[in-house]
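A closer look at the structure
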Amino acid sequence: MGSTDKGWVSLKDRPLIQWVCDRLSPQVADLVINANQNRARYEALGFSVVEDTLPGYQGPLAGLATGLAALETELVLAVPVDAPVFPADLGQRLLEALVGAQADVAVVHDGERIQPTFLLLRRVPCLLRLQSALAAGEHGLGRWVMAQSAAFADFAGRSREFSNVNYPEDLVALASCSGGALDNDSTEVESHVPWFL
């Protein structure tokens with residue numbers, strides 16, 4: 001997508017950030033957006049916005065660390081802005097995996113691979129580990145997640161719900177979807193964990 005701010009790429013006449021906020025709001029208590037550009041535009045959505053604290057764009061690990069440092073909650077649910085059709089039961093399923101495994105991190109597994117940008121984290125221990133990883137020069141989100149002995153939330157057979165928009169043709173494919181994926185038919189889920197995007 002070039003240098004475009006993906007949050008403001010339009011899908012069916014609504015920006016991706018709006019799709020994500022609307023889809024996740026029923027699952028959480030609060031929303032915080034990590035954005036390093038167009039801050040005023042994001043703030044106009046009515047949510048808190050935090051910018052990376054490390055200089056230069058150092059990738060998703062830096063954004064995740066920024067979000068964890070800005071919050072005070074025990075748990076943080078993180079999702080990417082470019083995957084607008086993630087499941088309505090995402091938070092609940094990640095929470096069940098986290099608690100069941102007594103882990104500090106839970107991540108989505110779609111039956112074929114992990115989806116490392118969909119995470120539920122225990123904020124304090126994960127923030128310390130993220131800061132250590134960044135100080136050591138680590139920038140790979142997937143590698144960091146796997147080093148945490150993460151619990152897996154099983155979403156086998158549902159990989160399409162984690163489709164992300166990396167190219168214009170991905171946007172066209174999503175826009176051509178009909179049915180539940182783009183109908184925002186999410187049901188209320190009672191796992192109200194604050195989250196960070």
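Now for a look at the structure at hand. (Residues numbered from 1 in each chain as written. Predicted model: local features only at pLDDT ≥ 70, side-chain atom pairs only at ≥ 80, totals over all residues. Heavy atoms only, no water.)

Overview of the layout of surface pockets
- Estimates place the volume of the largest pocket at around 990 Å³.
- Around the largest pocket sit 37 residues that line it, and Asn 34, Tyr 57, Pro 60, Pro 80 and Val 81 are the ones nearest its centre.
- Taken together, the elements giving at least two residues each to the lining of the largest pocket come down to strand S3 (31–34), helix H3 (60–70) and strand S7 (114–122).
- Considering each element in turn, the lining of the largest pocket owes the most residues, 5 residues, to S7. (1 Å grid on protein atoms, 1.4 Å probe; cavity = no way out; pocket = protein on both sides within 12 Å on 5 of 7 lines; lining within 4 Å. Points joined across faces, edges and corners; volume = space filled by probe spheres on them. Helix = DSSP H or I, 4+ residues; strand = E, 2+ residues; numbered from the N terminus.)

What about the nonpolar core?
- Counting 30 residues, the largest nonpolar core has Leu 90, Leu 94, Phe 118 and Leu 120 as the members making the most contacts within it.
- Listing elements by their share of this core, those giving two or more residues are helix H1 (16–24), S3, strand S5 (75–78), helix H4 (90–101), strand S6 (105–109), S7 and strand S8 (151–154).
- For this core, the leading source of residues is H4, giving 5 residues.
- Those residues in contact with Leu 90, other than ones at most four positions away along the chain, are Gln 27, Val 79, Val 108, Phe 118, Phe 155 and Phe 162.
- Among the nonpolar cores identified, the runner-up in size contains 24 residues, and Val 50, Ala 65, Leu 68 and Val 105 belong to it. (Core = buried A, V, L, I, M, F, W, Y, C linked by side-chain atoms within 4.5 Å. Buried < 20%, exposed > 50% of the residue type's maximum accessible area, 1.4 Å probe, protein only. Contact = heavy atoms within 4.5 Å.)

Quick look at the side chain of Asp 5
- Take Asp 5: it is sitting in the segment before strand S1 (10–11).
- Although Asp 5 is buried, it makes no salt bridge; Arg 41 carries the closest opposite charge, 6.4 Å away. (Lys, Arg positive; Asp, Glu negative; His and termini not counted. Salt bridge = Lys/Arg side-chain N within 4 Å of Asp/Glu carboxyl O.)

As for the packing of aromatic side chains
- Inspection of the entire model under this criterion finds 4 aromatic pairs.
- Centroid distance Trp 8 to Tyr 42: 5.1 Å. Interplanar angle 45°. Geometry classified as tilted. In this pair, Trp 8 sits in the segment before S1 while Tyr 42 sits in helix H2 (residues 39–43), placing the two residues 34 residues apart along the sequence.
- Since its relative accessible area comes to 18%, Trp 8 is described here as buried.
- Taking 4.9 Å as the distance between ring centres and 75° as the angle between the ring planes, the aromatic pair formed by Phe 118 and Phe 162 counts as edge-to-face. Pair noted here: Phe 118 is in strand S7 and Phe 162 is in the loop between S8 and helix H7 (168–175), with a separation of 44 residues, a long-range link. An identical accessibility class is assigned to Phe 118 and Phe 162; each is buried.
- One aromatic cluster in this structure is built from Phe 86, Phe 118, Phe 155 and Phe 162.
- If you follow Arg 14 out to its NZ or CZ, it ends over the ring of Trp 19, 4.1 Å from the centre.
- Over the ring of Trp 8 we find Arg 41; its NZ or CZ atom is 4.0 Å from the centre of that ring. (Phe/Tyr/Trp six-rings, centres within 6.5 Å; stacked < 30°, edge-to-face > 60°. Lys NZ or Arg CZ within 6 Å of the ring centre and 35° of its normal.)

Limitation: the analysis is restricted to geometry and does not speak to function.
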